[in-house]
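# What the coordinates show
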Amino acid sequence: MATSEKISQVIKESCKEIEESISRKEEEGAEAAEVIDDAIQTFFDELKKSGYSMDVEEFLAKRLEKRSKQCLDIARESIDSFKETNSKIQGIAQTHTIEIEKIADDNKEIDVTTLRSRFDAFQRDLMKELEHANDIIRNLEKEIEELQKQSNIDPLTKLYNRKALEIDSHEFLMHGDQRDLDLVALMIDADDFKKVNDTFGHVAGDKVLILLAKLFKSSIREYDRAYRYGGEEFLIIFNRAKQAEAVKVAERIMKLVRNNKLIYKNKVIHITLSMGLTQHRKGDTLESLIERADAAVYEAKKSGKDRLVIR
């Protein structure tokens, strides 16, 4: 079967499944967000059945790659716009220079009124073109700012991503090679997350990650940062904080997650967290901080999970 026909068939099959799913969801009284999540996952499941390997995460990654390309396109557009504006301004200046020189050649005595009118016309044309250029620049700046913001955010959890972490680390580790900093790294891993995906499906798994992200964001201060480090791994950087303060927040998060129940399709999903915490030491890099925190998570897993280990 031709590729277009095959994809068409996948879409038709997906639509049937989605219609049935919507009917079930309406009976269960599900929220719109859950219906949409289920529809998306159904489509990707049908793709897999038909031999297409792309999953939701891969799709989101490709979307992110597309946004990066958009940034480059905007940059190129900016350069082209500057070149065009520069050419127009040069053209305006050249045209008016020729006309002003003509006035001087045609008149032994300069007509001040005529000369002034030519200068006024020159100024009006120049200001008009410059204002047009400024409008283009302002619009391009807004587009770049929005794309840059999107490229630093994990599309599923809306937490900062690893790219943002690398950028932020230059600022929060400044002077870290000279002294110990009031900075704490907390690595978090959702226990037995694969079982959640295998038992309840990827839509349920995504909901768990979104719930965790919301809990993290609501538990930290405005100058702390929460990142999705990868898969079911998260990282919180406590800035301007002592270890004891970070430990209290970590234990509170762990208790909240342990005592919260996520209901999905009338089934209860229990989640616990393994955490590794470490304080900055003089000379630490981002890599050394994460390495210690990660080793502490590994120790927490070996010791029975659902606990915090400090290194």
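Described below are features of the structure shown in this document.

Calculation rules
Position numbers for residues start from 1 in each chain and track the written sequence from start to end. In keeping with the model being predicted, local features are shown solely for residues with a pLDDT of at least 70 and side-chain atom pairs are shown and tallied solely at 80 or more, while totals for entire chains, interfaces and linings include all residues. Note that the side-chain values use all heavy atoms of the structure and ignore hydrogens as well as water. In this scheme, a residue with accessible area under 20% of its type's maximum is buried, one over 50% is exposed, and one in between is partly exposed, where area comes from a 1.4 Å probe on protein chains only. Each helix is a run of DSSP H or I of at least 4 residues and each strand a run of E of at least 2, with the numbering of both proceeding from the N terminus. For two strands to count as paired, DSSP must find a minimum of two bridges between them. The definition of a nonpolar core used throughout is a set of buried Ala, Val, Leu, Ile, Met, Phe, Trp, Tyr and Cys residues joined through side-chain atoms within 4.5 Å. Residue contacts are counted whenever heavy atoms from the two residues lie within 4.5 Å of one another. To get an axis, a line is fitted to the C-alpha atoms, and for a helix only the part in contact is used. The angle between two axes follows their N-to-C directions and goes from 0 to 180 degrees. The reported arc concerns the directions from the helix axis to the C-beta atoms and nothing else. Here the expected length of a helix is defined as 1.5 Å per residue gap, with one fewer gap than residues. Counted as salt bridges are all cases of a side-chain nitrogen of Lys or Arg within 4 Å of a carboxyl oxygen of Asp or Glu. Crossing handedness: left-handed means the near helix sits turned counterclockwise from the far one by under a right angle, and right-handed means the same turn made clockwise. Centres within 6.5 Å make a pair out of two Phe, Tyr or Trp rings, where for Trp the six-membered ring is used; the pair is then stacked when the planes are under 30 degrees apart, edge-to-face when over 60, and tilted otherwise. We call a charge positioned above a ring when the Lys NZ or Arg CZ atom is no farther than 6 Å from the ring centre and deviates by at most 35 degrees from the ring normal.

Further remarks concern the pairing of strand β1 (residues 183–190). With respect to burial, β1 is a largely interior element, 8 of its 8 residues being buried. Alternating residues of β1 divide into Leu 183, Ala 185, Met 187 and Asp 189 and Val 184, Leu 186, Ile 188 and Ala 190, and every residue in both groups is buried. In terms of strand pairing, β1 meets strand β3 (residues 233–239) through 7 bridges, oriented antiparallel. Residue pairing for β3: Ile 188 is matched across the bridge by Phe 234. As judged from the 7 bridges shared by β1 and strand β6 (residues 273–279), these two strands associate in the antiparallel manner.

Judged by nonpolar contacts, the single largest core of 37 residues is most densely connected at Leu 186, Leu 212, Phe 216, Ile 236, Phe 238, Leu 273 and Met 275. In terms of residue count, the dominant contributor to this core is helix α7 (residues 202–219) (8 residues). Non-local contacts of Ile 236, meaning those with residues more than four positions away in its chain, are made with Val 184, Ala 185, Leu 186, Ile 188, Phe 216, Ile 220, Arg 225, Ala 226 and Ile 253.

Turning to the sheet that holds β3, a few remarks are in order. Sheet strands pair via backbone hydrogen bonds, and the direction of the pair is either parallel or antiparallel. Spatially, 5 strands are ordered β2-β3-β1-β6-β7 in an open sheet, and the strand pairing comes out mixed. At either end of the open sheet lies a strand with only one pairing partner, and these are β2 (225–230) and β7 (307–310). Recorded for the sheet is a direction-independent mean angle of 20° between the axes of neighbouring strands. Pairing of β2 with β3 involves 5 bridges; the strand directions are antiparallel. Directly across from Arg 225, in β3, lies its bridge partner Ile 237. Sheet strands touched by α7: β1, β2, β3 and β6. Its angle to β3, the strand with the most contacts, is close to 5°. Of the strands in this sheet, β1, β2, β3, β6 and β7 are in contact with helix α9 (residues 286–302), which crosses β6 at around 145°.

This paragraph deals with helix α6 (residues 193–200). Along α6, the residues that are buried comprise Phe 193, Val 196 and Asn 197. Across the axial projection of α6, the buried residues extend over an arc of 95°, all falling on one side. Across from the buried face of α6, at angles greater than 90 degrees, the exposed residues are Lys 194, Lys 195, Asp 198 and Thr 199. Looking at the buried side of α6, the elements it contacts are β1, α7 and β5 (267–269).

What follows concerns α7. Helix length check: α7, at 18 residues, gives a terminal C-alpha distance of 26 Å against a target of 26 Å (1.5 Å per residue), a fit within 8%. Considered for burial, the residues of α7 that qualify are Val 203, Ala 204, Gly 205, Asp 206, Lys 207, Val 208, Leu 209, Leu 212, Ala 213, Leu 215, Phe 216 and Ser 219.

Summed over all chains, the structure comprises 11 salt bridges. A salt bridge links Lys 305 to Asp 192; the nearest nitrogen and oxygen atoms lie 2.6 Å apart. Of this pair, Lys 305 sits in the loop between α9 and β7 while Asp 192 is found in the loop between β1 and α6, placing the two residues 113 residues apart along the sequence. Exposure remark for Lys 305: the relative accessible area of 27% places this residue in the partly exposed category.

For the pair α7 and helix α8 (residues 243–259), the least separation of the axes is 10 Å and the interaxial angle reads 145°. Where α7 crosses over α8, the handedness of that crossing is right-handed. On the side of α7, the interface is formed by Leu 212, Leu 215, Phe 216 and Ser 219, while α8 contributes Val 249, Arg 252, Ile 253, Leu 256 and Val 257.

Here we come to the packing of aromatic side chains. Taken as a whole and judged by the stated rule, the model has 2 aromatic pairs. Ring geometry for Tyr 160 versus Tyr 227: centroids 6.0 Å apart, planes at 50°, classification tilted. Within this pair, whereas Tyr 160 is found in the loop between α4 (112–151) and α5 (162–172), its partner Tyr 227 is found in strand β2, the two being separated by 67 residues in sequence. Here Tyr 160 falls in the partly exposed class, since its relative accessible area comes to 29%. Between the aromatic rings of Phe 216 and Phe 234, the centroid separation amounts to 5.1 Å while the plane-to-plane angle is 70°, which identifies the pairing as edge-to-face. You can see Phe 216 sitting in helix α7 and its partner Phe 234 sitting in strand β3, a full 18 residues away along the chain. For Phe 216, a relative accessible area of 0% translates into the label buried. By relative accessible area, Phe 234 is classed as buried at 1%. Just above the ring of Tyr 160 sits the side chain of Arg 225; from NZ or CZ to the centre is 4.0 Å. Taking NZ or CZ as reference, Arg 240 lies 4.2 Å from the ring centre of Tyr 223, over its face.

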